[in-house]
Amino acid sequence: MGDPPTSPGRPATAREIAAAVRSGRRSARSVVDKYLEAIAAGDGDIGAFNLVTAARARARAGEIDAAVAAGKDPGPLAGVPVALKDNLCTRGVATTCSSRILEGWEPPYDATVVERLQQAGAVALGKTNMDEFAMGSSTENSAFGPTRNPCNPHRVPGGSSGGSAAAVAAGFSPVALGSDTGGSIRQPAALCGVVGVKPTYGLVSRYGLVAFASSLDQIGPLTTTVADAAAVLDAISGPDPRDSTSIDEPQPPVSATLDGGVEGLRVGVLTELNGDGIAPDVAARVRVAVEALQSAGARVGEASVPASVYGLSAYYLIAPAEASSNLARYDGVRYGLRVEGPSTAAMNIATRSAGFGDEVKRRIIIGTYALSAGYYDAYYGKAQRVRTLIINDFASAWERFDLLVSPTSPTTAFALGERTADPMAMYMSDVCTVPVNLTGQAAMSVPFGIGDDGLPIGVQILAPALGEPTMFRAAAVLEASRR
Ligand code: GLN
C-alpha cells in the first residue's frame, strides 16, 4: 500500500515528490513552478487561494535544492508544496481568516504546524480561502468571495476549509492544511473527493491557529492519498510546550503501520449517523465501504451511540459560546481593521460592525446569549452535560468496537447559494462530523465513489482518542478497494 500506480496524467503524490527531490531526480524548484503555473492558470475560476506567495515559495525551493546539492537531507516532505488555510499564522504573511477585520494583519510568528512543515522540507504556496473565522460549511461566508468546487463550479467545495480542499482537488497543491472545529476538514474533503483528517484533540499543536472554539479546534491534512495524509500528520503532530492542550507523550508515526490491514478489527456501523437525513446515494456508498472492510477481514456490527443525535444541538451552543469569548480580542486596537469613532467604545462597535460578516455576528450573539447570567444553566451548562453524555456513549461503543463508520456529509456538494439563506440547513451539513469534535476523538474522511449527481462521496472513519494508527489502516483498505 502507499502510493497508487503511476499513470500518465495522474499528479504525483507528496511522497513521490519528496522521494524524487531527496534523491536529486527532480528539483524542488521545478515542482513548485509546476504548481504555481497550475494556480495561475486555474485559480481564477476556483478561488481556492486568498494569497499566493510565489516569490517566497521559489526562494524556499531554491534553498531545498541547494541543500540536496550539498549532500544534506531536507526532510521527509522535501520540496512538497503545501497550501495553508488562512487561519494559520505565517510570519510576515497576511493571515486574514477571510475576514475584513484582519485585513492587513501580518502575524509576528509562525504556527507550530507551519514551522514543522518547513522543518520537514515542505514549501508553502500560499493561504487558502475559508468561511470567515472558520464558521460555515460552504466557504460562502468568506469576505473575499466563495471558493468553487473543482468537480463542478456551480457547487460549493464545503467548508470551512473549502479553499484547502479545492486546492488539492484542483491539482493546485498536493497537500493542504485545514482546521476542524465541527467538520471543517472532513466535510470539504468529502465534497471535493480528497482525504481529510481530524486528528485526536491535542495530537497536533494549535499554537498559531487563530482560535474559533478552543476546546474543539484541531489542525489536520487534506491530501489526495491516505499515505500522504499519514506522512503530513507525522510531520505536524507531537508535543508542543507552546500549546498547553498538546499531548505530552510522542505518538508512534501512523505511516509505519499503514499497510497493517483490518483483519480481525471490530468495525461498527454508527446507527444514529447512518439513518434519517442521509441521502440514499451516500448511504449506499457507506454500505459498500462496510462490505469492503468486511471482505478485508473486519468483523462488522451495528454500533449505537444514542446521545450522538444531540451532537449538533450541543455543538451550536458550545462552539458559539467559545467563539464569542475568543473573538472579543478583535476590538480595533490590537489587530487589523480600525473604524474610528468619537469614543473608544464607539470605535470598538464601529470596527466590529464593519469588520465581521453576518454569520460571525450571529455566532457571537448566540454565544453571548448562551453564556449570559440567567441563561447559562439552561443553554451552555446543559450543552456541556450533553457533551459528557456523548463522551460516555462513545466510551461504551469503544468497549465493543475498534472503529466506527458513517457518512462524512449527509449529501454530496450542494449548489452555491442553496443554503445561504437558511442557517439551519447549513448547520445540518455537520450532523455527522461534530460528535467527534465534542469527544476529542480522531476521525477522517476517505473518498469512496460518486453519487447520483456524479460528485464525490466521502466515508467517515471514527476512532477512539489516539486511535490514528488503526484508523489509517482502515482508510488505506478503503482506498485500495475503491470501486
Ligand atoms: N461548519 C461548522 C461550523 O460552522 C464547523 C466549522 C469548523 O469545523 N470550523 O461551525
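Our subject is the structure listed above.
What counts and what doesn't
Residues numbered from 1 in each chain as written. Predicted model: local features only at pLDDT ≥ 70, side-chain atom pairs only at ≥ 80, totals over all residues. Heavy atoms only, no water. Helix = DSSP H or I, 4+ residues; strand = E, 2+ residues; numbered from the N terminus. Buried < 20%, exposed > 50% of the residue type's maximum accessible area, 1.4 Å probe, protein only. Areas by Shrake-Rupley, 256 points an atom, 1.4 Å probe, with all protein chains shown as cover. Axes fitted to C-alpha atoms, helices over the stretch in contact; angles between N-to-C directions. Parallel < 35°, antiparallel > 145°, perpendicular 65-115°, else oblique. Left-handed = near helix turned anticlockwise from the far one by under 90°. Contact = heavy atoms within 4.5 Å. Nonpolar A, V, L, I, M, F, W, Y, C, P; charged D, E, K, R; others polar. Near = heavy atom within 4 Å. Polar contact = N/O pair within 3.5 Å; in protein donor to acceptor, adjacent residues only side chain to side chain. Pairing = 2+ DSSP bridges. Salt bridge = Lys/Arg side-chain N within 4 Å of Asp/Glu carboxyl O. Phe/Tyr/Trp six-rings, centres within 6.5 Å; stacked < 30°, edge-to-face > 60°. Right-handed = clockwise from strand over helix to strand, strands pointing away.

### A short note on the overall build of the chain
Of the regular secondary structure elements, the chain holds 15 helices and 11 strands. Counting only C-alpha atoms, the chain reaches 65 × 55 × 45 Å along its principal axes. Burial status across the chain gives 58% buried among its 483 residues. As displayed, the chain offers around 17400 Å² of accessible surface, 54% of which is attributable to carbon and sulfur atoms.

### Structural notes on the packing of helix H2 (residues 28–46) against helix H3 (residues 54–69)
Relative to each other, H2 and H3 sit at 160 degrees, their axes nearing to 8 Å. When the axis of H2 is compared with that of H3, the two are roughly antiparallel. The two elements H2 and H3 cross, and the hand of that crossing is right-handed. Here Ala28, Arg29, Val32, Asp33 and Leu36 of H2 come into contact with H3, specifically with Ala54, Ala57, Arg58, Ala61, Ile64 and Asp65. Taken together, the residues of the contact of H2 with H3 break down into 7 nonpolar, no polar and 4 charged.

### Quick notes on the site of the ligand
Surrounding the ligand, one finds 15 residues, the nearest of these being Thr181, Gly182, Ser184, Tyr315 and Arg363. The separation between a nitrogen atom of the ligand and a polar side-chain atom of serine 160 is 3.5 Å. Taking tyrosine 316, its side chain carries an N or O atom lying 3.4 Å from an oxygen atom of the ligand.

### Description of the pairing of strand S5 (residues 195–198)
Along a regular strand, successive side chains alternate from one face of the sheet to the other. Here S5 shows a buried face lined by Val195 and Val197 and a second buried face lined by Gly196 and Lys198. Inspection of the sheet shows S5 paired to strand S6 (residues 218–223) by 2 bridges, in the antiparallel sense. Its bridge partner lying in S6, glycine 196 is registered against leucine 222. One ladder, built from 3 bridges, connects S5 with strand S10 (residues 442–450); its direction is antiparallel.

### Regarding the pattern of salt bridges
Counting across every chain of the model gives 17 salt bridges. With its nearest N and O atoms 2.8 Å apart, the salt bridge here joins arginine 58 to aspartate 33. Of this pair, arginine 58 sits in helix H3 while aspartate 33 sits in helix H2, and the two are 25 residues apart along the sequence. Accessibility expressed as a relative area gives 31% for arginine 58, which makes it partly exposed.

### What to know about helix H5 (residues 162–169)
With 7 of 8 residues buried, H5 is to be regarded as a mostly interior element. All of the buried residues in H5 are Gly162, Gly163, Ser164, Ala165, Ala166, Ala167 and Val168.

### Details of the packing of aromatic side chains
For the structure on display, the rule yields 13 aromatic pairs. Note on tyrosine 109 and tyrosine 207: the rings are 5.1 Å apart at their centroids and 35 degrees apart in plane angle, and the pair reads as tilted. With tyrosine 109 in the loop between strand S2 (81–85) and helix H4 (112–119) and tyrosine 207 in the loop between S5 and S6, the pair connects residues that are 98 residues apart, well separated along the chain. Its relative accessible area of 31% is what places tyrosine 109 among the partly exposed residues. Tyrosine 207 gets classed as partly exposed once you look at its relative accessible area, which sits at 24%. A centroid spacing of 3.9 Å and a plane angle of 10 degrees characterise the contact between tyrosine 316 and tyrosine 427, whose relative ring orientation is stacked. Pair noted here: tyrosine 316 is in helix H9 (residues 311–326) and tyrosine 427 is in helix H13 (residues 423–428), with a separation of 111 residues, a long-range link. Given the relative accessible area of 10%, tyrosine 316 is considered buried.

### What to know about the sheet that holds strand S7 (residues 266–270)
The strand order across the open sheet built from 11 strands is S1-S3-S2-S4-S6-S5-S10-S11-S9-S7-S8, with neighbouring strands paired in mixed fashion. Looking at which strands have only one partner, the edges of the open sheet turn out to be strand S1 (49–52) and strand S8 (299–303). Strand after strand, the sheet turns through a mean of 25 degrees between neighbouring axes, direction not considered. This element, helix H7 (residues 226–236), spans strand S4 (175–180), S5, S6 and S10 of the sheet and lies at about 145 degrees to S6. Running at roughly 5 degrees to S10, helix H15 (residues 468–480) makes contact with S5, strand S9 (403–407), S10 and strand S11 (456–463) of the sheet.

### What about the packing of helix H8 (residues 280–295) against H15?
Helix packing geometry: the angle between the two helix axes and the distance between the axes. Where H8 contacts H15, the axes come no closer than 10 Å and their chain directions differ by 105 degrees. Taken together, the axis directions place H8 and H15 in an arrangement best described as roughly perpendicular. Here Ala289, Ala292 and Leu293 of H8 come into contact with H15, specifically with Ala474, Val477 and Leu478. Each residue belonging to the contact of H8 with H15 can be placed in one class, and the counts come to 6 nonpolar, no polar and no charged.

### Regarding the pairing of strand S3 (residues 123–128)
Burial analysis of S3 places 5 of its 6 residues in the buried class, which makes it a mostly covered element. Pairing between S1 and S3: 3 bridges, direction antiparallel. Following the sheet pairing, leucine 51 is matched in S3 by lysine 127. The pairing of S2 with S3 spans 5 bridges and is classified as parallel. Looking at the pairing, lysine 85 lines up with threonine 128 of S3. Note on the crossover from S2 through H4 to S3: the handedness is right-handed.

### Points about unusual backbone geometry
A cis amide bond links glycine 159 with the next residue in sequence, serine 160, at an omega value of 10 degrees. In the Ramachandran plot, threonine 139 falls in the positive-phi region, its phi being about 65 degrees despite a non-glycine side chain. Assignment of secondary structure puts threonine 139 in the loop between S3 and H5. The exposure class of threonine 139 is buried, given its relative accessible area of 0%.

### Quick look at H4
Residues spaced three or four apart along an α-helix face the same direction, because each turn holds 3.6 residues. Along H4, the positions that sit buried rather than exposed are Thr112, Val113, Val114, Arg116 and Leu117. Looking at the residues trailing H4, positive phi occurs at glycine 121, about 100 degrees.

The quantities given are spatial measurements derived from coordinates; they are silent on function.
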